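The chain contents come next:
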Amino acid sequence: MPSSHPAEPPEAAEDDFLDALITQTDRLRTGIEAVRREDRPDEAAVTPEGRWQRALWDLAAFQADDLGGRLSQLREQLTGTGAGEPATDTVELPGSRAPVASSGPSATGAYGTAETVGADRARRGSLLGRVGSAEWNLLTDEVTWSRELYGIFGRTAEDGPLSLDELPAWVWSEDQTALTTAVTDCLVDGCPVDGEFRIVRPDGAVRTLHLMGEPVLDVDGRTASMWAVLRDVSELRRTEQAVRESRESVQRERLAARTERRLAVELQESALPPWRGSRRLPRRGDGRAGALELGAHYLPSTSATLIGGGWHDALELPGGDCLLTVGDLTGHGAPATSGMALLLGAVRGMSAAGVEPGPLMGHLNGLLDAAAQPALGSALCCRFAPASRTLTWSQSGHPSPVLFRGGAGTVLTAPTGVLLGATSGAEYGQRTEHLRPGDTLVLHTGGPAPRGSGAPEELPAAARLLELAPRLARARTAQECLRAVVEAFDGGEREDDVCVLVARVE
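Residues numbered from 1 in each chain as written. Predicted model: local features only at pLDDT ≥ 70, side-chain atom pairs only at ≥ 80, totals over all residues. Heavy atoms only, no water.

S.K.: Describe in detail the pattern of salt bridges, supporting the description with residues and values.
M.R.: One pass over the full model with this rule turns up 19 salt bridges. Residue Arg 280 pairs with Glu 506 through a salt bridge whose shortest N-O separation is 3.0 Å. One end of the pair, Arg 280, is in strand S8 (residues 279–281); the other, Glu 506, is in the segment after strand S18 (498–505), with 226 residues separating them in the sequence. Classification of Arg 280 as partly exposed rests on a relative accessible area of 39%. Glu 506 gets classed as partly exposed once you look at its relative accessible area, which sits at 41%. (Salt bridge = Lys/Arg side-chain N within 4 Å of Asp/Glu carboxyl O. Helix = DSSP H or I, 4+ residues; strand = E, 2+ residues; numbered from the N terminus. Buried < 20%, exposed > 50% of the residue type's maximum accessible area, 1.4 Å probe, protein only.)

As structure tokens, this is what we get:
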């Protein structure tokens, strides 16, 4: 309960302690502003994470300003105005029945330096203007408001203060019941008031006020008046609302990203064959024709959280031939994986229908060119005839297969072909290679190209693969070859996912 007696003079130790707190608060505020300026890139305003971060910085700065203003207000209340100094810009502080000066050498020296005194005083004055006090005397019906409270309500001293009966008419309709109940409990039961309500000012502006009040008892213990401190917390609540909205926006986007990733994974798992160890194609043979021992692996990107549009596949075709294919579609997420599933289904269907690799690439190019969503893709399609051990293949802007034979590796010369979806009506060539027993063929969708090297992505990957020739020559199974290739591709940062398919001629 506010005291009607003047406060005792503060001790020097308390003054020093307050000065130290105010200095620390000022340093904290300066540090927050410095970090906020450094951590505020131009793109921060366009991403949900950036908007959330900016709102948190604004909230931290506001709280530091508020703390500094309150400590300075307390310091001024304890020290008062020096002798012979003009008591200008008086402010009626909470807990005080007499006005004290809001300016003076002691206040200036306590919060800020000579170079920043103007800015500090302006900031402190703005904070003090958000806090006002009031007292409603129940015995005399006298109402006393501080100058700041008039400003908060948008009234002038000529308008006069509002009585407790007039106050609800200014309060937002949804908050009137709660405020009336709290004031009644204070006056009747002596309960303190601590809550918030919104008011509508004469200019139509809505303000959120935080009220802390308590009854003032007379000598008989009865409520004689109600004393309260009202603080305009509109800016704080708006900042908190911005933080909440930014956080909710980030949570929604993260949920959408997780959902899209789950959908992309499900699409990829349904489209790509489940590889468990090595496979053999054709599954049935006469014992004389050459067969392929196969191994495949998918390596996700190390710099992206979404699934890409890469694929690998091996399929036994009608008539005994085998389809080997790898490819990649631009983009990530569900659009890329759904496009991949569409292209892979087309490759399987046309290969089963007997379409050769070169013409097949032309059909894929037309399929992407006519798609509703523009996309680019690269693919490698091989058709292996076990009886003659011939490999007929075509590519569309894709890394060429690497053939390992007799302890040495060779990058096969690529036929003509541009990226899928790049040019309408493009023609694609094809080449034929004769394989031998013991040959190992590596098909892949890319590799760990160093950033900023300026070299095509295919060359570093091919060079690293060629270094594996001695190790692949010692390998006894396709799975051992695959393990060596995966280790080579898994050794650096990958901007995109990588698919590897190893075929070993038995």
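S.K.: So what's going on with the sheet that holds S8? Residues and values would help.
M.R.: Ordered in space as S8-S9-S18-S17-S14-S15, the six strands form an open sheet in which the pairing is antiparallel. With partners counted over all chains shown, the strands left at the sheet margins are S8 and strand S15 (408–411), one partner each. The sheet shows a mean angle of 25° between the axes of neighbouring strands, taken without regard to direction. Taken together, the three bridges between S8 and strand S9 (residues 292–299) define a ladder with antiparallel strand orientation. Residue Arg 279 lies in a different strand from S9, and its bridge partner there is Leu 294. (Pairing = 2+ DSSP bridges. Axes fitted to C-alpha atoms, helices over the stretch in contact; angles between N-to-C directions.)

S.K.: Which residues make up the packing of helix H8 (residues 334–352) against helix H9 (residues 357–369), and what are the values?
M.R.: At a minimum axis separation of 10 Å, H8 and H9 run at an interaxial angle of 145°. Like other packed secondary-structure pairs, H8 and H9 cross with a definite hand, here right-handed. For the pair formed by H8 and H9, the contact residues are Leu 342, Leu 343, Ala 346, Val 347, Met 350 and Ser 351 on the first element and Leu 360, His 363, Leu 364, Leu 367 and Leu 368 on the second. (Left-handed = near helix turned anticlockwise from the far one by under 90°. Contact = heavy atoms within 4.5 Å.)

S.K.: A description of the packing of helix H7 (residues 234–271) against H8 should follow, citing residues and the corresponding values.
M.R.: One way to put it is that H7 packs onto H8 with a least axis distance of 8 Å and a crossing angle of 10°. With respect to H8, the element H7 is oriented roughly parallel. Here H7 and H8 pass one another in a crossing that is left-handed. Note on element contacts: H8 touches H7 through Ala 334, Pro 335, Thr 337, Ser 338, Met 340, Ala 341, Leu 344 and Arg 348, opposite Glu 260, Leu 263, Ala 264, Leu 267, Gln 268 and Ala 271. (Parallel < 35°, antiparallel > 145°, perpendicular 65-115°, else oblique.)

S.K.: So, the confidence of the model for the protein chain: which residues are in play, and what are the values?
M.R.: Across the protein chain, the average pLDDT comes to 79, with 78% of residues at or above 70. The low-confidence segment residues 448–459 (pLDDT under 50) makes 17 contacts with residues lying over four places distant or belonging to another chain. (pLDDT = per-residue confidence, 0-100.)

S.K.: How would you explain the sheet that holds strand S6 (residues 206–217) if you had to name every residue and give the values?
M.R.: An order of S4-S3-S7-S6-S5 is seen for the five strands of this open sheet, with the pairing classed as antiparallel. Among the strands making up the open sheet, the edge pair consists of strand S4 (143–145) and strand S5 (193–200). Direction aside, the axes of adjacent strands within the sheet are offset by 25° on average. Across eight bridges, S5 lies against S6 in antiparallel orientation. Within S6, the position partnered with Val 193 by the bridge is Gly 213. Packed onto the sheet, helix H6 (residues 173–189) meets S5, S6 and strand S7 (223–232) and runs at close to 140° relative to S5.

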